[in-house]
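Listed below, chain by chain, are the residues.
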Amino acid sequence: GAVVSQHPSWVICKSGTSVKIECRSLDFQATTMFWYRQFPKQSLMLMATSNEGSKATYEQGVEKDKFLINHASLTLSTLTVTSAHPEDSSFYICSARTSGILNEQFFGPGTRLTVL
Amino acid sequence: GDSVTQMEGPVTLSEEAFLTINCTYTATGYPSLFWYVQYPGEGLQLLLKATKADDKGSNKGFEATYRKETTSFHLEKGSVQVSDSAVYFCALYSGGYQKVTFGTGTKLQVIP
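Rules behind the numbers
Positions within a chain are numbered from 1, following the residues in the order the chain's sequence is written. Written order decides the labels, with chains lettered from A and ligands numbered from 1. Where local features are concerned, this predicted model is filtered to residues with pLDDT of at least 70; where side-chain atom pairs are given and counted, the filter is 80 or more; whole-chain, interface and lining totals use all residues. The side-chain numbers reported here are obtained from all heavy atoms of the structure, hydrogens and water having been left aside. Each nonpolar core is a collection of buried residues, namely Ala, Val, Leu, Ile, Met, Phe, Trp, Tyr and Cys, held together in the definition by side-chain atoms within 4.5 Å. Only protein chains enter the accessibility calculation, which uses a 1.4 Å probe; a residue whose area is less than 20% of its type maximum is buried, one above 50% is exposed, and one in between is partly exposed. The way it works is that DSSP assigns letters per residue, a run of H or I at least four long becomes a helix, a run of E at least two long becomes a strand, and they are numbered from the N terminus. Contacts were defined at the residue level, with two residues in contact if any of their heavy atoms lie within 4.5 Å. Here a cavity denotes a set of grid points, spaced 1 Å apart and computed over the protein atoms alone, in which a 1.4 Å probe fits but from which it cannot get out, and a pocket denotes an open set meeting protein on both sides within 12 Å along at least five of seven lines; residues with an atom within 4 Å of a point are reported as lining. Grid points are joined across faces, edges and corners, and a volume is the space filled by probe spheres set on the points. Residue type decides the class: Asp, Glu, Lys and Arg count as charged, Ala, Val, Leu, Ile, Met, Phe, Trp, Tyr, Cys and Pro as nonpolar, and the leftover types, Gly among them, as polar. Note on terminology: disulfide denotes any pair of cysteine sulfur atoms within 2.5 Å.

A. Local environment of the nonpolar core. Among the nonpolar cores identified, the biggest contains 25 residues, and Leu19, Trp35, Leu48, Phe73, Leu75 and Tyr88 of chain B are the most heavily contacted of them. Going through the elements one at a time, strand E2 (11-14), strand E3 (19-21), strand E4 (23-26), strand E5 (32-38), strand E6 (44-50), strand E8 (62-65), strand E10 (86-94) and strand E12 (106-111) of chain B are the ones with two or more residues in this core. It is E10 of chain B that provides the largest number of residues to this core, a total of 4 residues. Aside from chain neighbours lying at most four places away, what touches leucine 48 of chain B is Leu33, Phe34, Trp35, Gly57, Ser58, Asn59, Phe62, Glu63, Ala64, Phe73 and Leu75 of chain B. With 24 residues, the next largest nonpolar core counts Met33, Ala48, Val62 and Ala84 of chain A among its residues.

So, in structure tokens, the structure goes:
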């Protein structure tokens, strides 16, 4: 149980285009989803937290107009990287958790984004 | 604020060697402590966890004990295998699991 999927697993795009990444909780309802970014050989940096049906909360330094997050249902959150540039190339990982205390996050397999 | 400090890698061991990856933390309140493993090109998988002081988490031969007196959660395995080669992250859950703080990760390479 507690499986989180991401799609696509990797994507290559041209500079200036937008890319959408999907995060799905397959066997549970995720009231909260998280988006992380991981640079090579570094740890995960939280980008934003999204609760179903409400606006995402972005961490300091993350441009909300560039990284659009939608959490439209209890099983799906999307991250759209708008007008992508080479510096946006990274490994993006989502996680999901159910409501209530002491509920850990379950992580997706990640999406490798390469912007040419 | 909360923080997690891991030993720097990479750690290179021969197969069947003993593994220790150090992890120490600073936090207010009563955090829970986790170890995650990340294989190349993949996301994080939960390896083990401990939710209170003196608890021992274990899985797949890996163990870690929550030591409040030394604020540590060191990862150990008695005999590593080549398949254990991965990056290991120590993580701290706090604020009723609302917040996760990750260490920088330690890369383990096991050679035959």
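The structure having been displayed, the exposition proceeds.
B. Main features of the layout of surface pockets. Taken as a whole, the largest pocket encloses approximately 610 Å³ of empty space. Taken together, 24 residues make up the lining of the largest pocket; nearest its centre are Pro40, Lys41 and Gln42 of chain A together with Val87 and Lys107 of chain B. Those elements that place two or more of their residues in the lining of the largest pocket are E10 and E12 of chain B. Here the residues of the lining of the largest pocket sort into 10 nonpolar, 9 polar and 5 charged. Here the second largest pocket defines a volume of roughly 330 Å³.

C. Layout of the state of the cysteines. The full count for this structure, using the stated rule, is 2 disulfides over all chains. Disulfide pairing is shown between cysteine 23 of chain A and cysteine 94 of chain A; the S-S distance is 2.0 Å. Since a negative S-S torsion denotes a left-handed disulfide, the cysteine 23 of chain A-cysteine 94 of chain A link at about 80° is right-handed. With a gap of 71 residues between them, cysteine 23 of chain A in strand E3 (residues 19-25) and cysteine 94 of chain A in strand E9 (residues 90-97) connect regions that are remote in the sequence. Residue classification places cysteine 23 of chain A among the buried positions, given a relative accessible area of 0%. Here cysteine 23 of chain B engages in a disulfide with cysteine 90 of chain B; their sulfurs sit 2.0 Å apart. Between cysteine 23 of chain B and cysteine 90 of chain B, the S-S dihedral sits near -70°, and the bridge is therefore left-handed. Within this pair, whereas cysteine 23 of chain B is found in strand E4, its partner cysteine 90 of chain B is found in strand E10, the two being separated by 67 residues in sequence. Each member of the pair, cysteine 23 of chain B together with cysteine 90 of chain B, is buried.

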